[in-house]
Structure formats: C-alpha cells, structure tokens
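Now for the letters of each chain:
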Amino acid sequence: LSLSPGPNRFSKLGIQSFEHKPSSVNLSLSKTENGPARTFLTIGVHRGYLIRIEVSATGQLNGDTARIRYLGSSPVKLFKVEVGGQSAVLALSSRPWLLYNHQSQFFMTP
C-alpha cells in the first residue's frame, strides 16, 4: 500500500507472497538516536516464523532488509508494547520474544 499523501494514498503498490498463512501483522516505527525513524512491517506466521521487513517512506517493502526467524512451534502473535519509554514489539509463540531498539541497534531477546 502506498503511504504517500494525496489521492493515491493506500493504493496497492505490490504483493508479497508467503508460503505460510500469517497469524499476526504489526507496522511499527523504529526511532534511532542519530538518524531518521524507520518503519518496519513485522509478520507472525502460523508455523512459528517471524518476518521483519523495512518499509520505505512511500510504503514500498525493501526486500533486501527482510529477515526471517523461527520463534517456536506455535503461531506467532504480535503486540505493540512500550519498554523504557520506547515502542517495542512483543512476539508470542512457544516462548515470548521482545523486539526493540537500544542505542540505535535492533535486538530480539527471548
């Protein structure tokens, strides 16, 4: 979907296909100390995988930034949370994972 202001906002730009059915989706802003904020699409999959992709300012997915990680045998559910005054994502599967930024670096902590 396009995020650009104007009449084309939310128009379809492309399609991302997945081998497995998504169980949860989260769009979050990742602030850094030195640079501009970045937007990430995080997708929890029924088979226990987490997919994280950077989204450009125009709403396009940057495939070069896609990361996939196996979190457990249960479907992954995503929740927006706040940790230390900053936004983070809680991913629940067989065990909980916290996705957050600290000192301009991304961390995934079980």
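The structure this text deals with has already been given above.
We now turn to the structure provided with this report.

1. Focus on the pairing of strand β2 (residues 38-45)
Then, in step 1: With six of its eight residues buried, β2 lies for the most part within the structure.
Then, in step 2: Sheet topology note: the strand β1 (residues 22-30)/β2 ladder contains eight bridges and is antiparallel. Along β2, the bridge assignment pairs Ser-24 with Gly-44.
Then, in step 3: From the end of β2 to the start of strand β3 (residues 49-55), which pair antiparallel, there are three residues, and Gly-48 there has a positive phi angle of about 95°.

2. So, the sheet that holds strand β4 (residues 61-70)
Then, in step 1: Here we have four strands laid out as an open sheet, ordered β1-β2-β3-β4, and antiparallel in their pairing. One side of each edge strand has no neighbouring strand; the edge strands of this open sheet are β1 and β4. Averaged over all pairs of adjacent strands, the angle between their axes in this sheet comes to 20°, without regard to strand direction.
Then, in step 2: Two strands pair when backbone bridges link them, and β2 and β3 are joined in this way by six bridges, in the antiparallel orientation. Among the inter-strand pairings, Gly-44 is bridged to a residue of β3, identified as Leu-50.

3. Considerations on the nonpolar core
In a soluble, globular protein the nonpolar side chains are often hidden away together inside.
Then, in step 1: Of all hydrophobic cores here, the largest spans nine residues; its members are Leu-50, Leu-71, Val-76, Leu-78, Val-89, Ala-91, Trp-97, Leu-99 and Met-108.
Then, in step 2: For Ala-91, the contacting residues outside a window of four places in its chain are Leu-50, Leu-71, Val-76, Lys-77, Leu-78, Pro-96, Trp-97 and Leu-99.
Then, in step 3: Leu-41, Val-45, Ile-53 and Val-55 belong to the second-largest nonpolar core, a separate cluster that totals six residues.

4. Some words on the sheet that holds strand β7 (residues 96-102)
Then, in step 1: Pairing is antiparallel in the open sheet, where four strands are placed in the order β5-β6-β7-β8. Each edge of the sheet is formed by a strand with only one pairing partner; in this case those strands are β5 (77-83) and β8 (105-109). The mean angle between the axes of side-by-side strands here comes to 25°, regardless of whether they run parallel or antiparallel.
Then, in step 2: As defined by bridge partners, β7 adjoins β8 across five bridges and the pair is classed as antiparallel. Within β8, the residue paired with Leu-99 across the bridge is Met-108.

5. Things to note about the environment of Val-25
Then, in step 1: Residue position: Val-25 is located in strand β1.
Then, in step 2: Classification of Val-25 by relative accessible area gives exposed; the value is 55%.
Then, in step 3: For the pair Val-25 and Leu-41, spaced 16 residues apart in the sequence, the C-alpha separation amounts to 7.3 Å.

Thresholds applied
- Residues numbered from 1 in each chain as written.
- Predicted model: local features only at pLDDT ≥ 70, side-chain atom pairs only at ≥ 80, totals over all residues.
- Heavy atoms only, no water.
- Buried < 20%, exposed > 50% of the residue type's maximum accessible area, 1.4 Å probe, protein only.
- Helix = DSSP H or I, 4+ residues; strand = E, 2+ residues; numbered from the N terminus.
- Pairing = 2+ DSSP bridges.
- Axes fitted to C-alpha atoms, helices over the stretch in contact; angles between N-to-C directions.
- Core = buried A, V, L, I, M, F, W, Y, C linked by side-chain atoms within 4.5 Å.
- Contact = heavy atoms within 4.5 Å.

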